[in-house]
Amino acid sequence: MKRYHLTTFGCQMNEHDSERMKGMLESLGYSEAPERAEADLILFNTCSIRESADSRFIAHLGEAKRLKREQPERIVGVGGCWAQSVKEEVFERFPFVDVAFGPGQVHKLAEFLTSDSITAQGYFEFEGFTGHLPAHRERAFQGWLQISVGCNSVCSYCIVPSTRGREVSRPLEELLGDARAMADEGVREITLLGQNVNSYGRDLPASAPTGGPPGTRRERPGFAELLRLLDGIDGIDRIRYTSPHPKDMREDVIRAHAELESVCEHIHLPLQSGSSRILKAMRRTYDRSRYLDRVALIREHVPDAALTTDIIVGFPTETEEDFRETMEVVEHVGYDSAFTFVFSPRRGTEAAAMTVGAVPHPVKVERMERLVEAVQRGARERAQRFVGRTVEVLVEGRSRTDPDRLRGRTRHNKVVNFGGLAAPGELTDVEILAATSQTLSGEEQLLARAAAR
Ligand code: 5AD
Ligand code: SF4
């Protein structure tokens, strides 16, 4: 039997795509090798979001080159966003690569492997959803549901529109069918995936509303509607999604968090910058006050919701004053956690051409330090609200720091390490006894659990 080894870089969409790659390879008779050196097929699913992502991957590719030299019949494949961003150049720069494919061409890997072709092949069209390929789930009780691919935004810093193409939504009925099948297979928590999930459906044809009387006005299914229909599926206890865009964060989506039992109390709302001038240069299509207005609406409908975000520091022309505005938003919103990034120019993007006004490296570093300090302080303070509360936890497995304890996640997407007896995949109640900026810790309510049995 042939064996593959796959290394994944990047976001949750890539994790999803990798699960599908694995499912596809297993249906072709491949099995997973624990080490790269034992594999007949060495694969990478790459990311290109920042320069650091590129360089991490290139280091790994060096090992693949060595292994290929030792055993030339091995196949080396490179998929994902980095492959898409350099396309055929892959073969000039890395002649030992046999097959390269973009995120829209994962299925072509199967074609390559089953053909007699011995010449290097590249596949870079945008077609098909990886969501149609068979899945190999990392955990049986958690599943990804790819609702759309691609992105129609033009954020000036971002390479994704060029690596993942125009936005295409999957039909509503197909998604509901997939979700029902996932529930039947034991999935309790679904994470909806898309580059911009809450613009879901804009490209779909209008149809009569599901369940509505005949003759009613034809409408396009929207993201809130999708959430409502998924919430109605038996067996799905938790629904999450990533990533939404603040410009499309409509009231109906916010209300869904309050009204639909399975939609979790967590919203990731990428800020990027707190300065309206910088947001304009980033082409984010919202300004500071519109963003804060979305936050206020969330707080009104779902007061306890966890809010998380992404922030870029050092975007070209960012002044100390612009940066201070970002710090103000951070203090004002009170994020439960935030991913912070130093601006990294990406090939082909508008911002990469903005060489006038580039922020000097030491300034970027200094701003980053201040930002991280504020984010951590805020997260630690916010996390204290859980201490003393008993919260529902979906058990994921053993704690990473103490194998005698368990690890799981709350509906707010907080990691909890706790003492208890529950098995992975179970929902249980945990009393929270302490909180840091990153994790909660507590004890399972065993008496409550016994009583519920
Ligand atoms: N430089 C730095 N950060 C970036 N991101 C996207 N592109 C860049 C870039 N060129 C960040 C954004 C986005 C997250 C996934 O990565 O904050 O939301
Ligand atoms: Fe990386 Fe963005 Fe591609 Fe995800 S979509 S793999 S974050 S470049």
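Predicted model, so just to flag it, every value in this text is computed and none were measured.

1. Remarks on the site of ligand 2
Around ligand 2, the neighbouring residues are Cys11, Asn14, Thr46, Cys47, Ser48, Ile49, Cys81, Val160, Arg164 and Gln195. For the shell around ligand 2, the per-class residue count stands at five nonpolar, four polar and one charged. Viewed by domain, the shell around ligand 2 spans two of them, domain 1 (3–123) and domain 2 (137–205 + 221–264), each represented by three or more residues.

2. A look at the site of ligand 1
Taken together, Ile49, Arg50, Tyr157, Gln272, Asp310, Ile312, Phe341, Val342, Phe343, Ser344 and Arg346 make up the full set of residues near ligand 1. Arg50 is positioned such that a nitrogen or oxygen atom in its side chain is 2.9 Å from an oxygen atom of ligand 1. Within the side chain of Asp310, one N or O atom sits 2.7 Å away from an oxygen atom of ligand 1. Taking 400 Å² as the accessible area of ligand 1 by itself, protein coverage stands at 86%. If you list the elements that add at least two residues to the shell around ligand 1, you get strand 13 (306–313) and strand 14 (337–342).

3. So, the side chain of Lys364
Mapped onto the elements of the fold, Lys364 is located in helix 13 (residues 361–383). For the buried residue Lys364, which engages in no salt bridge, the nearest side chain bearing the opposite charge is Glu51, 8.1 Å off. Dropping the residues within four chain positions of it, Lys364 is found in contact with Val313, Gly314, Val342, Phe343 and Val359.

4. A short note on the sheet that holds strand 1 (residues 3–8)
Across the sheet, which stays open at both edges, the six strands sit in the order 2-1-3-4-5-6 with parallel pairing between neighbours. Edge positions in the sheet fall to strand 2 (31–32) and strand 6 (121–123), since each of these pairs with one other strand and no more. One ladder, built from six bridges, connects strand 3 (residues 41–46) with strand 4 (residues 75–80); its direction is parallel. The partner of Leu41 across the bridge, within strand 4, is Ile75. Contacts from helix 1 (residues 12–27) reach strand 1, strand 2, strand 3 and strand 5 (99–101), with the element oriented near 175° to strand 1.

5. A short note on the domain arrangement of the protein
Interface size is commonly expressed as the accessible surface area that is lost when the partners come together. Split into domains, the protein comes out as domain 1 (3–123), domain 2 (137–205 + 221–264) and domain 3 (387–452). Taken over C-alpha atoms, the centre of domain 1 sits 37 Å from the centre of domain 3.

6. Quick look at the packing of helix 8 (residues 223–231) against helix 9 (residues 251–259)
Working note: a packed helix pair is described by the angle between its axes plus the distance between those axes. Contact pair helix 8 / helix 9: the axes reach a minimum separation of 8 Å and the direction vectors enclose 20°. Considering the angle they form, helix 8 stands roughly parallel to helix 9. Taking contact as the criterion, the partners of Phe223, Ala224 and Leu227 in helix 8 are, on helix 9, Asp252, Val253 and Ala256. Here the contact of helix 8 with helix 9 is built from residues that sort into five nonpolar, no polar and one charged.

7. Description of the packing of aromatic side chains
Following the criterion strictly, the structure yields eight aromatic pairs and no others. Summarising the aromatic geometry, the rings of Tyr286 and Tyr291 are spaced 5.9 Å apart at their centres and angled 35° between planes, so their arrangement reads as tilted. A connected cluster of aromatic rings, assembled from ring pairs, spans Phe9, Phe44, Phe57, Trp82, Phe94 and Phe96. When the ring centre of Phe129 is taken as reference, the NZ or CZ atom of Arg170 above it lies at 5.9 Å.

8. Some points on helix 8
Among all positions of helix 8, only Phe223, Ala224, Leu226, Leu227, Leu229 and Leu230 are buried. For helix 8, the elements touching its buried residues are strand 7 (142–146), helix 7 (172–184), strand 10 (189–193), strand 11 (238–242) and helix 9.

9. Points about the pairing of strand 15 (residues 390–398)
Across five bridges, strand 15 lies against strand 18 (residues 427–435) in antiparallel orientation. Counted as the bridge partner of Thr390 is Glu431 from strand 18. Here strand 15 pairs with strand 16 (residues 406–410) via five bridges, running antiparallel. Following the sheet pairing, Val393 is matched in strand 16 by Thr410.

10. Let's talk about unusual backbone geometry
The omega torsion of the bond from Thr242 to Ser243 falls at -10°, within 30 degrees of zero and hence cis. Non-glycine residue Lys87 carries a positive phi angle of around 45°. Relative to the assigned elements, Lys87 resides in the loop between helix 3 (81–86) and helix 4 (89–93). The class for Lys87 is partly exposed, based on a relative accessible area of 40%. Although it is not a glycine, Gln272 sits at a positive phi angle of roughly 75°.

Definitions and cut-offs
Residues numbered from 1 in each chain as written. Chains lettered and ligands numbered in written order. Predicted model: local features only at pLDDT ≥ 70, side-chain atom pairs only at ≥ 80, totals over all residues. Heavy atoms only, no water. Near = heavy atom within 4 Å. Nonpolar A, V, L, I, M, F, W, Y, C, P; charged D, E, K, R; others polar. Domains from an automatic or database assignment. Polar contact = N/O pair within 3.5 Å; in protein donor to acceptor, adjacent residues only side chain to side chain. Areas by Shrake-Rupley, 256 points an atom, 1.4 Å probe, with all protein chains shown as cover. Helix = DSSP H or I, 4+ residues; strand = E, 2+ residues; numbered from the N terminus. Buried < 20%, exposed > 50% of the residue type's maximum accessible area, 1.4 Å probe, protein only. Lys, Arg positive; Asp, Glu negative; His and termini not counted. Salt bridge = Lys/Arg side-chain N within 4 Å of Asp/Glu carboxyl O. Contact = heavy atoms within 4.5 Å. Pairing = 2+ DSSP bridges. Axes fitted to C-alpha atoms, helices over the stretch in contact; angles between N-to-C directions. Parallel < 35°, antiparallel > 145°, perpendicular 65-115°, else oblique. Phe/Tyr/Trp six-rings, centres within 6.5 Å; stacked < 30°, edge-to-face > 60°. Lys NZ or Arg CZ within 6 Å of the ring centre and 35° of its normal.

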